[in-house]
Amino acid sequence: MSSEAFVTLVTNDSYALGALVLAKSIQSVGTQRKLVALISNNLSAPLREILEKTFNEVILVEELDSRDSEHLRLLLRPELGITFTKINCWLLEQYTKCVFLDADCLVLRQIDDLFEREEFSAAHDAGWPDCFNSGVFVYRPSKETYTKLMQVVSGKDASFDGGDQGLLNEYFSNWRSSDISRHLPFTYNVTSNAFYSYLPAITRFRNEIRIIHFAGALKPWQLTYNPENEQLSGNLEGQSDVQRDFLLSWWRIMYQQVWPLLSTFNQQTDFINKSSISPQGQLIDSSNNNNSSNNDTIQPGSAEHRRAWETGHIDYTGRDSYSHIQEQLERNIA
Ligand code: UPG
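Since this is a predicted model, take the numbers as computed values, not measurements.

**Student:** Which residues make up helix 1 (residues 13–29), and what values go with them?
**Tutor:** With 17 residues, helix 1 should cover 24 Å at 1.5 Å per step; its first-to-last C-alpha distance of 25 Å lies within 8% of that length. Across the 17 residues that make up helix 1, a large majority, 13, are buried. One side-chain oxygen of the residue at the start of helix 1 lies 3.2 Å from the amide nitrogen of S14, identifying that residue as N12. Just beyond helix 1, the residue with positive phi is G30, at close to 95°.

Here it is in structure tokens:
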């Protein structure tokens, strides 16, 4: 059992926030398996260190980019060529079986039973159900499979969508007609587009959902969250109430379990009050950033504070730190 693991991928600080919430969500529902994060060297040192404290193993891998602008344009996600990096997960031969989860997944109920499945198991993609979605899959690490995938990558038209999903659907094309046990129930990878296309089913099966996958351009960390009234703000246009509820679940973990790690970490370092982290996860050094250089002068609760928050200038280490917000809440309640 110890040679089985949940694996995710993180190539920048934004997705690191997702991975941290993902890890906390898995730990909250309980697991016997290890947690592994594959990272690239684009991560900032603080986020890398927090990942190392949260995951059992953090492994540096080479970034791999499809650079396939033509197909990625069709997908409307030009930035996703980097998801080819995911195939490094087959190199983890210290584990006999793994479950890969995208960093934008949130686990709501125990999912250790996924390890009873075999390679290659995945759930249908809501956009084209004859394809699987590559955000959640069961696989067996193998250098041989990795090498074969690398051979496909080096050929022409490796992926029909420019990302790993097109690549893996071609490589594991027998998934479509294979044994039904390789088809995971949709409740193990409920992607955001299902919220728009089949709301009655979401309502009917809501209590059975194991994994919410915030697939698509809007990621939870791009929103802002007000812990006082549990309001989310940002680009929420067209989001259903159910979708908002799941985004709130993500933010509760972010605020209660991840934010304190970010704050604590910064307080132990020299750059306290010099750095802040935007909701996009970018570390901002306020000593050479005009937008955040007035961190010290913004009064908590002022209109300027609200503007700074809404435009992403969040001072995780100072006025917006976990302990500071807690103090404010307690003052308001008293
Ligand atoms: N990722 C990074 N850095 C990036 C982009 C992605 O680490 O700059 C990782 C991360 O784990 C992320 C995953 O790759 O969750 C997939 O990227 P994401 O932006 O979350 O993709 P989706 O919006 O979920 O889009 C779909 C599929 C996804 C697949 C992707 C490309 O759901 O599983 O990887 O298309 O084919």
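**Student:** An account of the pairing of strand 1 (residues 4–10) is requested, with residue identities and associated values reported.
**Tutor:** In terms of burial, strand 1 is a largely internal element, 7 of the 7 residues being buried. Bridge count between strand 1 and strand 2 (residues 34–39): 6 bridges; the pairing is parallel. The residue of strand 2 that forms the bridge with L9 is L38. Taking the sense of rotation as the criterion, the β-α-β connection linking strand 1, helix 1 and strand 2 turns out right-handed.

**Student:** I'd love a proper account of the packing of aromatic side chains, names of residues and values included.
**Tutor:** Under the criterion given, the structure shown has 18 aromatic pairs. Summarising the aromatic geometry, the rings of W90 and Y139 are spaced 4.9 Å apart at their centres and angled 55° between planes, so their arrangement reads as tilted. Note that W90 is positioned in the loop between helix 3 (69–75) and strand 4 (97–101) and Y139 in strand 7 (residues 132–139), a separation of 49 residues in sequence. You can call W90 buried: its relative accessible area is 0%. For Y139, a relative accessible area of 0% corresponds to the buried category. Relative to W251, the ring of Y225 has its centre 5.6 Å away and its plane inclined at 20°; by these criteria the two rings are stacked. Here Y225, found in strand 11 (residues 224–226), pairs with W251, found in helix 8 (residues 241–267); they are 26 residues apart in sequence, far enough to count as distant. Among the residues examined, Y225 registers a relative accessible area of 2% and is labelled buried. The cationic tip of R206 hangs over the ring face of F246; the distance from NZ or CZ to the ring centre is 5.4 Å.

Calculation criteria
Residues numbered from 1 in each chain as written. Predicted model: local features only at pLDDT ≥ 70, side-chain atom pairs only at ≥ 80, totals over all residues. Heavy atoms only, no water. Helix = DSSP H or I, 4+ residues; strand = E, 2+ residues; numbered from the N terminus. Expected span 1.5 Å × (residues − 1). Buried < 20%, exposed > 50% of the residue type's maximum accessible area, 1.4 Å probe, protein only. Polar contact = N/O pair within 3.5 Å; in protein donor to acceptor, adjacent residues only side chain to side chain. Pairing = 2+ DSSP bridges. Right-handed = clockwise from strand over helix to strand, strands pointing away. Phe/Tyr/Trp six-rings, centres within 6.5 Å; stacked < 30°, edge-to-face > 60°. Lys NZ or Arg CZ within 6 Å of the ring centre and 35° of its normal.

Note that every value here comes from positions in space, so none of it alone points to a role or purpose.
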